[in-house]
Each structure stands twice: as C-alpha cells, then as structure tokens.
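So the chains spell out like this:
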Amino acid sequence: MTKPWLPETARSWSVASGQIEAAWQLHWQTQLKRGTAKLDIGDLSLTAGPARLQHSDIHLAIPELADGTTELSARIRTLELGEGLTGRDLELDAAYREPELALKRARLAIFGGQLELVPGTFDISQMPLALTLKAQQIDLAQLLAACIIRNCPEPAASTANCR
C-alpha cells in the first residue's frame, strides 16, 4: 500500500505526538508465509509538507499476509492543508489489494459543509483516477476565499493574475 510514494514522501514527515500499538502473528513454512498484522496509531499529530493532521486515529490491518489485502480506517479530527484551508472530522475507510483500492468511505467537513468521495473500487495503477466528489451545503464564500488565498501570491493581486 505504501510502495508508490514511500520513502521519498515520508522524509518530510514530522511527528509531534501519538501512540503506536502493533501486533504481528506470523507462520513461516517452506513456501508459505501466513499471518496477520495490525497497527493502531492514536492521537497522532503529524506534519507532512504543508499538510498537518491533528488528533488522528489510524488503524491498519492485514487480515492475512498471504492474501496481501490491507484495510485502513482513519479518523482525523483536524486536517490543515495550508493557510486558510482547514477541514474537520475526516473519516476514511478503505481496503487495498494490489492494484485495487476499494474506497468504502471518505468524507470531510470543510467550507461550512461536507465533501464526500463516492465509494467505489479503483485500479490505482491506472492514473489519473476517475473519482466522483459530492458536495453538500458548501459555503461558496468560504470556498472562494480559500481558492483566492491559495492561488494569488499577493492579496492586492487582480483576479486576472490568479491561477
């Protein structure tokens, strides 16, 4: 699950707090590797480039190592994606078995409303991914303010200079 982006991305990570609990149960035979693995991370505060996660609970489970399926469940109370762009209560539930990602739930409270990715199964070896985003009760003034802050280098810049 981490192959496509590690270790390069993880080099910029900074962990401020959190607790990690892990459990592995392995059964090794001549040509058979079996077992389970579980990783629970609680109250994580992490900075990765411009993004910052606070008060996060992340659970990874590999129900059968021989199968290669990884299950992910994450609850992130605060997600900061840069100046003026903060989301709350991110919920993410997914399963991965190369090359498919089965997205069960992905929703985030932001801009006074909620953004949610429509659940589905995606072949992540085929980029770009065709995702459907549902927006509910989004405050357009908040959304546009965040876009202007992120895309205009100077507050006095005219809209013609914004990307």
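Parameters at a glance
- Residues numbered from 1 in each chain as written.
- Predicted model: local features only at pLDDT ≥ 70, side-chain atom pairs only at ≥ 80, totals over all residues.
- Heavy atoms only, no water.
- Helix = DSSP H or I, 4+ residues; strand = E, 2+ residues; numbered from the N terminus.
- Buried < 20%, exposed > 50% of the residue type's maximum accessible area, 1.4 Å probe, protein only.
- Contact = heavy atoms within 4.5 Å.
- pLDDT = per-residue confidence, 0-100.
- Patch = residues over 30% accessible without salt bridge, like charges linked within 9 Å, V, L, I, M, F, W, Y side chains within 5 Å.
- Areas by Shrake-Rupley, 256 points an atom, 1.4 Å probe, with all protein chains shown as cover.
- Salt bridge = Lys/Arg side-chain N within 4 Å of Asp/Glu carboxyl O.
- Core = buried A, V, L, I, M, F, W, Y, C linked by side-chain atoms within 4.5 Å.
- Pairing = 2+ DSSP bridges.

1. Observations concerning the overall build of the chain
Here's step 1: A tally of regular secondary structure across the chain gives one helix and nine strands.
Here's step 2: Moving toward the C terminus, one meets the helices and strands of the chain in the order β-β-β-β-β-β-β-β-β-α.
Here's step 3: For the chain, the proportion of its 163 residues judged to be buried stands at 22%.
Here's step 4: When contacts within the chain are restricted to residue pairs at least 6 apart in sequence, those whose partners lie at least 24 apart make up 34%.

2. What about the confidence of the model for the chain?
Low pLDDT marks regions whose predicted coordinates should not be analysed in detail.
Here's step 1: Here the chain shows a mean pLDDT of 82. Residues at 70 or above account for 83%.
Here's step 2: A low-confidence stretch, residues 155-163 stays under pLDDT 50, and its non-local contacts, those more than four residues away or across chains, total four contacts.

3. Some points on a nonpolar patch on the surface
Here's step 1: Taken together, the side chains of Trp24, Leu26, Trp28 and Leu65 make up a nonpolar region of the molecular surface, amounting to roughly 480 Å² of accessible area.
Here's step 2: Residue position: Trp28 is located in strand 1 (residues 13-29).

4. Here's the deal with the nonpolar core
Here's step 1: Ile58 and Leu79 are the most contacted members of the largest nonpolar core, which has 15 residues in total.
Here's step 2: Elements represented by at least two residues in this core include exactly strand 2 (32-48), strand 3 (51-62), strand 4 (70-80) and strand 6 (100-110).
Here's step 3: Element by element, the count of residues in this core is highest for strand 4, at four residues.

5. Looking at the environment of Asp67
Here's step 1: Looking at where Asp67 falls in the secondary structure, it is placed in the loop between strand 3 and strand 4.
Here's step 2: A relative accessible area of 32% places Asp67 in the partly exposed class.
Here's step 3: Residues Asp67 and Lys33 lie 34 residues apart in sequence; the distance between their C-alpha atoms is 9.8 Å.

6. Some words on the environment of Ala61
Here's step 1: Relative to the helices and strands, Ala61 resides in strand 3.
Here's step 2: C-alpha separation for the pair Ala61 and Ala22, spaced 39 residues apart in sequence, amounts to 9.7 Å.
Here's step 3: Beyond its immediate stretch of four places on either side in the chain, Ala61 contacts Ala37, Lys38, Thr69, Thr70 and Glu71.

7. Overview of the pattern of salt bridges
Here's step 1: Tallied over the full model, the rule gives seven salt bridges.
Here's step 2: A salt bridge links Glu80 to Arg52; its shortest N-O distance comes to 3.5 Å. With Glu80 in strand 4 and Arg52 in strand 3, this pair connects stretches of sequence that are 28 residues apart.
Here's step 3: Taking the relative accessible area as the measure of exposure, Arg52 reaches 32% and is therefore partly exposed.
Here's step 4: Linking Arg105 and Asp93 is a salt bridge whose minimum nitrogen-to-oxygen distance equals 3.0 Å. Placement of the pair is Arg105 in strand 6 and Asp93 in strand 5 (residues 86-97), with a sequence separation of twelve residues.
Here's step 5: Ionic contacts of the salt-bridge type, sharing partners, join the residues Arg75, Glu91, Asp93, Arg105 and Arg107 into one network.

8. Concerning the pairing of strand 4
Here's step 1: Sheet topology places strand 3 next to strand 4; nine bridges connect them, and they run antiparallel. Of the residues in strand 4, the one forming a bridge with Ser56 is Ile76.
Here's step 2: Here strand 4 hands over to strand 5 after five residues, with Gly82 in that stretch at a positive phi of 130 degrees.

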